[in-house]
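These are the residues of each chain, in order.
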Amino acid sequence: PLYLIFVGLCHAALRAGRGVVHVYPSFPASMNMPHCILLIDPDAESASSTRSVVQTVAKKNKHRDMLFIELGKDQADAVKFFNLEVQETPFLMIVRWDSGMGRHPFSKFRFWFPGEDRDFDDQVNRSLTEVDVSSFVTRFFSPEGLEPWVISEPVLEQQNGFAYQLVGSEFKEKVMDAPRDVLVFFFAPWCGFCKRVQPRVEALARRYANTASLSIFKFDATKNDVDHPYVNIDGYPDIMLFPNDDKLHPVQFDHTPEEQCTGDAKPAWCAEDEHETFIGFAMEFFMQHNSLKFVPPLEDPTEASFRETFDAEDKSEF
């Protein structure tokens, strides 16, 4: 389904006579093919020569199962489809659509210009040559392959709150490779409901700060890739538990458990206070799903004062 959305965006640009300039081979033949995608500023002086370079490489690689496509930098929908914020062009990447399953069926591989920083775009010579593009394509198809590109903010030097805020480059180490269960709160800074749920997550992280079998993180999914083959965040907020014995299959966590506390047959963890309801639900959830031995912490006597303080703060930003 994601691929068809992308194709629809490209066809819309083609019909409008803008954005998509060169496509080889045709879309219908390319559903399972890797895409070599060139993002370019059509008004730049180098646009014509860069286009010629990629078209030449495309013709020389007709024997490979790969689609070559050019997108104008002004095609915001197609660019944002890959969670990109491209400041400098030309920008070249390969997308492999068959690398995953379910909700996350693609991986990205970026061409790095010599001297280009891997966190930010530096002022470097962004001239693409035929050798550059040919070598990039050849290395993609080689047995060694290319290293997937994970979009990431820099690691945050200052943390706010009790839930550590992850960035994309840390996801594998702190979630997938960590020898414990991990709960991740995926948010968007502009999401109003996220701001309502965040203090609950912070209170939960404080309550379980000294529990060795569990880590609780928050993650801005609008600026960072989730380095996981089956997870694609398409709505906010989203909370998932990644069990220690099965990180590939996270368990969905209900971020509004108070909705279950209506009527006469209420769960035992329901409370008058929404924070206590959230924490009570979480304790039962952890006991049911945690793969490591989970020992609930003792009540923190400063919890109530912490919650009052946190609720009083301006939560307009994470």
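Everything quoted here is computed from the prediction, not taken from an experiment.

1. Regarding the pattern of salt bridges
For the coordinates displayed, the defined rule picks out 10 salt bridges. Here Arg196 and Glu274 are joined by a salt bridge, their closest N and O atoms 3.6 Å apart. Taken together, the residues Arg196 in helix α6 (residues 192-207) and Glu274 in helix α7 (residues 274-289) connect sequence positions 78 residues apart. Residue classification places Glu274 among the partly exposed residues on the basis of a relative accessible area of 36%. What emerges from the salt-bridge pattern is a single network uniting Arg196, Arg200, Glu258 and Glu274.

2. Section: the nonpolar core
Soluble, globular proteins show a tendency: their nonpolar side chains are buried together. If you look at the biggest cluster of nonpolar residues, it comprises 26 residues, and the most contacted ones within it are Leu183, Val201, Leu204, Ile216, Ile239, Phe253 and Phe286. Every element with two or more residues in this core is listed here: β7 (181-187), α6, β8 (214-220), β9 (238-242) and α7. Setting aside chain neighbours within four positions, we find Ile216 in contact with Ala163, Tyr164, Leu183, Val201, Leu204, Ala205 and Tyr208.

3. Describing the state of the cysteines
One pass over the full model with this rule turns up 1 disulfide. Two residues share a disulfide in this structure: Cys261 and Cys270, whose sulfurs sit 1.9 Å from each other. On the sign convention where negative means left-handed, the S-S torsion of about -90° between Cys261 and Cys270 marks this disulfide as left-handed. A relative accessible area of 16% places Cys261 in the buried class.

Calculation criteria
Residues numbered from 1 in each chain as written. Predicted model: local features only at pLDDT ≥ 70, side-chain atom pairs only at ≥ 80, totals over all residues. Heavy atoms only, no water. Salt bridge = Lys/Arg side-chain N within 4 Å of Asp/Glu carboxyl O. Helix = DSSP H or I, 4+ residues; strand = E, 2+ residues; numbered from the N terminus. Buried < 20%, exposed > 50% of the residue type's maximum accessible area, 1.4 Å probe, protein only. Core = buried A, V, L, I, M, F, W, Y, C linked by side-chain atoms within 4.5 Å. Contact = heavy atoms within 4.5 Å. Disulfide = S-S within 2.5 Å.

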